[in-house]
Amino acid sequence: MTMTAPSALALGATLYMPCTRDDLAGSLLGPHRIAGLRSAVLCLEDAVLERDLPAALTRLAAFLRTLAARDASSADPLLFVRPRDAAMLDHVLCMPGADRLAGFVIPKAHADSMPAYLALPLHDRHRLMPTLETREACDPHEIRRLRDQLLAVQDRILALRIGGNDLLQSMGLRRAAGRTAYAGPLGGIIGNLVASFAPWGFALSAPVLERFDDPGLLRAEVALDIEHGLLTKTAIHPGQIAIIQGALAVPAAQAEEARLMLADDAPAVFARNGVMCEPATHRLWARRLLDRVALYGIADPDPAALRLISGAER
C-alpha cells in the first residue's frame, strides 16, 4: 500500500471539533481558519449526542463535499474523522470527499474492536489513530494482543491516541484542578503505554488537558509529555494550540548537541556542557529532536541559533 501521510510529529496540537458545528468549513478551510492549526478531528462520537447524530452526519457530508470541490493547499490542516463505530466509518467512507481525509480516529480501540475497522475499504492515503481509552489499556495482556494486531498493519497506524478522561472515567475518577496528567494514576498508565508501544516504533499522542483556562498548567504538562516522548497532543480549545506547538520548538543548545551527535566525525563518547553524549545510544533522540527543529523551529532564535538550524556552524 502507498502511504503519503506525514509523521505523527507533524500533527502538533490536534483540535477536536464536534460535527454538530455549522462552521466547519470556515474554521478549517476558509480565510478565517483557526490560526496555526496543523490537524483536526471531526468528532461523531462522545462530543455528539445520539439525538444529534443525523444532523452531525449531514454537516460532515456537506463539509466533505466542500473539501472535494476545492484545490488542496499546503496550509490546510490534516483532517481526520472520529466515527462512533465501524459501521459508521463504513458509512463515512461512502461520502464524496472522504478520500481527501488524512484518516480516522478509532474510538475505544482494543484487540476485540480493531478487526472490524481494519477490514473496511480504506483509501491508500488513510491513516488510523486508535484511541487507548478503555480498561483494556490497563491490562498488559490486552495491550500485547492489540500491539500484535497493529504490528501487522503498522504502516497504516499514524499514532496511538491516549484518551485520558475516558481512562480516568473507567476508574470513576476525574483529574484534580492544578495537577498535570502525570500527578495522579493516569501518569502510571501513560508510562506503561509508552513502554508498551514506543519501543516497537509506534508514536503516541498525549491526552487532552480539559482545563483550557490554565495556560501555565498546560505548559507544565506539555513539558512532561515531551519528556515521555509524546510529541503530539489533543486540544479542545483553539487557545491551547500555540502553547502546545510552541513547546515543541527546541532550545538552541539541545539542537546543537543533537547535530554534533549526528556528525559523521562524532567521537564515540564526548562531553558537552557537563553532560556525557554517546551517539550510539542517543542517535534516535537526536534525529527526533532535529525533526522537531524542522517543523517547529528553535525556541530561542538568535543569530547563532539560526546558524545551528542550517548546520552552518559546528
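Residues numbered from 1 in each chain as written. Predicted model: local features only at pLDDT ≥ 70, side-chain atom pairs only at ≥ 80, totals over all residues. Heavy atoms only, no water.

Enquirer: Talk me through the overall build of the protein; I want residue IDs and the actual numbers.
Expert: Of the regular secondary structure elements, the protein holds 12 helices and 10 strands. Its C-alpha radius of gyration of 20 Å places the protein within 12% of the 20 Å reference for a compact globule of 314 residues. Counting every position in the protein, which comprises 314 residues, the buried fraction comes to 49%. Across the protein, contacts joining residues at least 24 apart in sequence account for 75% of those joining residues at least 6 apart. Carbon together with sulfur atoms contributes 54% to the accessible area of the protein, which is approximately 14,500 Å² in total. (Helix = DSSP H or I, 4+ residues; strand = E, 2+ residues; numbered from the N terminus. Rg over C-alpha atoms; globule rule 2.2 N^0.38 Å. Buried < 20%, exposed > 50% of the residue type's maximum accessible area, 1.4 Å probe, protein only. Contact = heavy atoms within 4.5 Å. Areas by Shrake-Rupley, 256 points an atom, 1.4 Å probe, with all protein chains shown as cover.)

Enquirer: Describe the pattern of salt bridges, naming the residues involved and giving the relevant values.
Expert: All chains considered together, the criterion is met by 15 salt bridges. Across the salt bridge formed by R33 and D76, the nearest N and O atoms sit 3.2 Å from each other. With R33 in the loop between α1 (24–28) and β2 (39–43) and D76 in the loop between α2 (53–69) and β3 (78–82), the pair connects residues that are 43 residues apart, well separated along the chain. On the basis of relative accessibility, which here comes to 26%, the residue R33 falls in the partly exposed class. Between E133 and R82 there is a salt bridge, with its nearest N and O atoms 3.2 Å apart. (Salt bridge = Lys/Arg side-chain N within 4 Å of Asp/Glu carboxyl O.)

Enquirer: A description of the environment of I106 should follow, citing residues and the corresponding values.
Expert: Structurally, I106 can be placed in strand β4 (residues 103–106). Along the primary structure I106 and A152 are separated by 46 residues, whereas in three dimensions their C-alpha atoms are 17 Å apart. In contact with I106, not counting residues within four places along its chain, are L89, M114, Y117, L128, M129, P130 and T131.

Enquirer: Just give me the short version of the sheet that holds β4, but keep the residues and values in it.
Expert: Pairing in this open sheet of eight strands is parallel, and the strands run β7-β6-β5-β4-β3-β2-β1-β8 from one edge to the other. Strands at the two margins of the open sheet, each flanked by one partner only, are β7 (204–205) and β8 (233–235). Bridge analysis of β4 against strand β5 (residues 127–132) gives four bridges, and the strand direction is parallel. Pairing of F104 across the sheet is with L128, part of β5. (Pairing = 2+ DSSP bridges.)

Enquirer: Describe in detail unusual backbone geometry, supporting the description with residues and values.
Expert: Positive phi values are uncommon outside glycine, yet K108 reaches one of about 45°. Relative to the elements of secondary structure, K108 occurs in the loop between β4 and α4 (114–118). Positive phi outside glycine occurs at N273, with the angle close to 50°. Relative to the helices and strands, N273 resides in the loop between β9 (270–272) and β10 (275–277). Residue N273 is classed as exposed on the basis of its relative accessible area of 67%.

Enquirer: Summarise the pairing of β4; cite the residues concerned and give the values.
Expert: Judged from the two bridges that link them, β3 and β4 form a sheet pairing that is parallel. When the sheet's bridge partners are listed, V81 is paired in β4 with F104.

Enquirer: So what's going on with the environment of L262? Which residues, and what values?
Expert: Relative to the elements of secondary structure, L262 occurs in helix α10 (residues 252–262). On the accessibility criterion, L262 (29% relative accessible area) is partly exposed. The contact partners of L262, leaving out residues within four places of it in the chain, are R283, A286, R287 and L290.

Enquirer: Go over the environment of A253, please, and point to the residues and values.
Expert: Along the chain, A253 turns up in helix α10. For the pair A253 and Y296, spaced 43 residues apart in the sequence, the C-alpha separation amounts to 15 Å.

Enquirer: Account for the nonpolar core, naming residues and giving values.
Expert: One finds L28, L44, L60, F63, F104, L193 and F197 to be the most contacted residues of the largest nonpolar core, which totals 74 residues. The contacts of L44, once residues within four sequence positions are left out, are C19, L53, A56, L57, L60, V81, R82, P83, R84, M88 and V92. (Core = buried A, V, L, I, M, F, W, Y, C linked by side-chain atoms within 4.5 Å.)

Enquirer: Give me the packing of aromatic side chains: which residues, what numbers.
Expert: By the definition in use, this model includes one aromatic pair. With a centroid separation of 5.8 Å and 90° between ring planes, the pair formed by F197 and F202 is classed as edge-to-face. In this structure F202 comes out as buried when scored by relative accessible area, which is 5%. Positioned above the aromatic ring of W200 is the side chain of R147, whose terminal nitrogen or guanidinium carbon lies 3.7 Å from the ring centre. (Phe/Tyr/Trp six-rings, centres within 6.5 Å; stacked < 30°, edge-to-face > 60°. Lys NZ or Arg CZ within 6 Å of the ring centre and 35° of its normal.)

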